[in-house]
Amino acid sequence: MGTVINIVIAVAACYFIMRFGMKMLGGFSQPMAEPLPPGEMRKVKLNYRCDICGSEARMTMAPDEDPPAPRHCLDDMVLITPVE
Ligand SMILES: [Zn+2]
């Protein structure tokens, strides 16, 4: 019984380490997007919150209406729907 639980914990730990490692690598290898000229930017009103530290940010301009979430504390921020 104890062995099975140990294996499960080991596999889970391995999985999280791999995931975190891949995320780090992905972040480093991703080329920075070239900024678009202002005329091609869309006006958006998106609120994001960092689940880890609670910071909130508003995105007002983006290359498209459904931009990828900004990052904070090494993780993607969560899109929160505006109250208004
Ligand atoms: Zn944060």
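Values in this document were obtained by computation on a predicted structure and should not be read as measured data.

Q: How should I be thinking about the coordination of the zinc ion in this particular structure?
A: When four donors bind a metal tetrahedrally, each ideal donor-metal-donor angle is 109.5 degrees, and when six bind octahedrally, the ideal angles are 90 or 180 degrees. Looking at the zinc ion, one finds its protein donor set to be Cys50 (SG), Cys53 (SG), His72 (ND1) and Cys73 (SG), positioned 1.9 to 2.4 Å from the metal centre. Coordination at the zinc ion is tetrahedral: its four donor atoms span angles of 105 to 115° at the metal. Look at Cys73 and you get partly exposed, because its relative accessible area is 37%.

Q: Would you mind showing me how to read the pairing of strand E1 (residues 42-49) here?
A: Across six bridges, E1 lies against strand E2 (residues 56-62) in antiparallel orientation. Bridged to Arg42 within E2 is Ala62.

Q: Explain the nonpolar core here, please?
A: The tendency in soluble globular proteins is for nonpolar side chains to be buried as a group. Counting seven residues, the largest nonpolar core consists of Val44, Leu46, Tyr48, Cys50, Met59, Ala62 and Met77. For this core, the secondary-structure elements that each account for two or more residues are E1 and E2. Here this core takes three residues from E1, the largest share from any one element.

Q: Would you take a moment to explain unusual backbone geometry for this structure?
A: Negative phi values dominate among residues other than glycine, just as trans dominates among peptide bonds. At Cys73, a position not held by glycine, the phi torsion is positive, near 50°. Although it is not a glycine, Leu74 adopts a positive phi angle of roughly 65°. Within the element layout of this structure, Leu74 appears in the loop between strand E3 (71-72) and strand E4 (75-76). Take Leu74: its relative accessible area is 57%, and that puts it in the exposed class.

Q: Looking at this structure, I do not really get the pattern of salt bridges. What am I missing?
A: It is possible for side chains of opposite charge to pair when their charged atoms get near one another. Applying the stated criterion to the full structure yields three salt bridges. A salt bridge links Arg42 to Glu65, with the shortest nitrogen-to-oxygen separation between them at 2.9 Å. Separated by 23 residues along the polypeptide, Arg42 in strand E1 and Glu65 in the loop between E2 and E3 bring together distant segments of the chain. Classification of Glu65 by relative accessible area gives exposed; the value is 56%.

The rules we used
Residues numbered from 1 in each chain as written. Predicted model: local features only at pLDDT ≥ 70, side-chain atom pairs only at ≥ 80, totals over all residues. Heavy atoms only, no water. Donors = N, O, S within 2.8 Å, 3.2 Å for Na, K, Ca; no water. Tetrahedral: all angles 85-135°; square planar, octahedral: opposite > 155°, others 65-115°. Buried < 20%, exposed > 50% of the residue type's maximum accessible area, 1.4 Å probe, protein only. Pairing = 2+ DSSP bridges. Helix = DSSP H or I, 4+ residues; strand = E, 2+ residues; numbered from the N terminus. Core = buried A, V, L, I, M, F, W, Y, C linked by side-chain atoms within 4.5 Å. Salt bridge = Lys/Arg side-chain N within 4 Å of Asp/Glu carboxyl O.

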